[in-house]
Amino acid sequence: MPLHKGNLSALKFFTAENANSYDRLVNAATFGQDNVWKKQIANNVKKSKIILDLGCGTGILSTTLQKVNNLGVVYGLDLKFEYLQVALAKRNDIPLLNATAEALPFKDEAFDSVVASYVPKYTHVDKMIDECLRVLKKKGILVLHDFTYPAIRVIRMIWKSYFVLLKLISNIVRSWKDVFIELDYLIEESRWVIECMNILNAKGMESVNCTHHTLGTAAIVVAHKK
Ligand SMILES: C[S@@+](CC[C@H](N)C(=O)[O-])C[C@H]1O[C@@H](n2cnc3c(N)ncnc32)[C@H](O)[C@@H]1O
């Protein structure tokens, strides 16, 4: 399978050098909004018994899901082994798999829900969605979350200024240099919301819905399988 541009960014961005600082970085860089967004994702799937956290990274969302839904089982899956190692060191009660979102190593209709936080822009969305729908049970819920390029002009200016600041900081925080330098272009170019909505509607998913968050800097797409 040819690698998507986002796949190449993910391989470059998430490394053994920055895996241990990821949790602190994402909380600080989003001014704590990461926690708010993750709670909103988790609220959508609180009745699910078996959940897949796609692109789980260091397991922040997997842990939130387990707290919100303490009767459920959460599986984590990620491309980067080094990130899974951090997740494993924090919690050894979450089954973790090293695999790619575009070819899931699970049987059909295995999960009540699939959630993915900051993952869509790194994936080949049509292949990723095909796989999510295959592993979801009937009536299963798919929740996709990621950053978005703000639509309002003044917010865009603030957003761009923030990335200028991050690029300056990248001279000091070397392990995050590639991310700070390239993430804004990736977000600006990504059409993940519209692509996902179109694919989900075309595949006959029910009540496909998108909510925009934090001044249009992030979005959550939710869809239900018939
Ligand atoms: C920004 S991190 C987010 C981690 C976690 N979801 C969170 O919210 O904290 C993005 C993660 O997605 C993973 N990833 C990116 N593309 C992927 C793919 N095609 N398949 C599986 N994991 C992927 C990366 O390895 C990385 O750990």
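Everything discussed here concerns the structure shown above.
Attention here is on the structure that accompanies the text. Quick caveat: nothing in here was measured; it's all calculated off a predicted structure.

1. Thoughts on the pattern of salt bridges
Line of reasoning, step 1. A full pass over the atoms with the stated rule returns 13 salt bridges.
Line of reasoning, step 2. One salt bridge connects Asp108 with Arg134, and the closest N-O pair in it is separated by 2.8 Å. Taken together, the positions of Asp108 in the loop between strand S3 (96–98) and strand S4 (111–117) and Arg134 in helix H6 (residues 125–135) put the pair 26 residues apart, joining distant regions of the chain.
Line of reasoning, step 3. Among the ionic contacts, a cluster of salt bridges with common partners joins Asp108, Glu131 and Arg134.

2. Some details on the packing of helix H3 (residues 33–43) against helix H4 (residues 60–68)
Packed helices, taken two at a time, are described by the angle their axes make and the gap between the axes.
Line of reasoning, step 1. At their nearest, the axes of H3 and H4 sit 9 Å apart, and the two run at 50° to each other. Accordingly, the angle class assigned to the pair H3 and H4 is oblique. As for the relative orientation of H3 and H4, their crossing is right-handed in sense. Contacts from Asp34, Lys38, Lys39, Ile41, Ala42 and Asn43 of H3 reach H4 at Ile60, Leu61, Thr64, Leu65 and Val68.

3. Points about unusual backbone geometry
Line of reasoning, step 1. Positive phi is not limited to glycine here, since Phe31 has a value of about 55°.
Line of reasoning, step 2. When you line up the elements, Phe31 lands in the loop between helix H2 (22–29) and H3.
Line of reasoning, step 3. For Phe31, a relative accessible area of 63% gives the class exposed.
Line of reasoning, step 4. Within the chain, Lys139 stands out as a residue other than glycine whose phi angle is a positive 70°.

4. Thoughts on the packing of aromatic side chains
Ring pairs (aromatic) are described by centroid distance and by the angle formed between their planes.
Line of reasoning, step 1. Under the counting rule described, the total for this entry stands at 16 aromatic pairs.
Line of reasoning, step 2. For the pair Phe13 and Phe14, a centre-to-centre distance of 6.1 Å together with 75° between the ring planes defines the contact as edge-to-face.
Line of reasoning, step 3. On the basis of relative accessible area, Phe13 is assigned to the buried category, the value being 1%.
Line of reasoning, step 4. A residue is classified by how much of its surface remains accessible, and Phe14, at 16% relative accessible area, is buried.
Line of reasoning, step 5. Taken together, the ring pairs connect Phe13, Phe14, Tyr22, Tyr83, Tyr122 and Trp176 into an aromatic cluster.

5. Examining the pairing of strand S2 (residues 73–78)
Line of reasoning, step 1. Here 5 bridges tie strand S1 (residues 50–54) to S2, and the two strands are oriented parallel to one another. Considered in S2, the bridge of Leu52 is made with Tyr75.
Line of reasoning, step 2. Between the parallel elements S1 and S2, the chain passes through H4 in a crossover that is right-handed.
Line of reasoning, step 3. Tracing the backbone out of S2, into helix H5 (residues 81–90) and back to the parallel element S3 gives a crossover that is right-handed.

6. With respect to the sheet that holds S2
Line of reasoning, step 1. Spatial strand order, S3-S2-S1-S4-S5-S7-S6: 7 strands in an open sheet with mixed pairing. Each having just a single partner strand, S3 and strand S6 (206–213) make up the two edges of the open sheet. The average angle at which neighbouring strand axes cross in this sheet is 15°, direction not considered.
Line of reasoning, step 2. Looking at chain direction, S2 and S3 are connected through 3 bridges and run parallel. Bridge pairing in S3 links Asp78 to Asn98.
Line of reasoning, step 3. Here H6 sits on the sheet in contact with S1, S4 and strand S5 (136–147), set at roughly 145° to S5.

Conventions used here
Residues numbered from 1 in each chain as written. Predicted model: local features only at pLDDT ≥ 70, side-chain atom pairs only at ≥ 80, totals over all residues. Heavy atoms only, no water. Salt bridge = Lys/Arg side-chain N within 4 Å of Asp/Glu carboxyl O. Helix = DSSP H or I, 4+ residues; strand = E, 2+ residues; numbered from the N terminus. Axes fitted to C-alpha atoms, helices over the stretch in contact; angles between N-to-C directions. Parallel < 35°, antiparallel > 145°, perpendicular 65-115°, else oblique. Left-handed = near helix turned anticlockwise from the far one by under 90°. Contact = heavy atoms within 4.5 Å. Buried < 20%, exposed > 50% of the residue type's maximum accessible area, 1.4 Å probe, protein only. Phe/Tyr/Trp six-rings, centres within 6.5 Å; stacked < 30°, edge-to-face > 60°. Pairing = 2+ DSSP bridges. Right-handed = clockwise from strand over helix to strand, strands pointing away.

Structural measurements only, silent on function.
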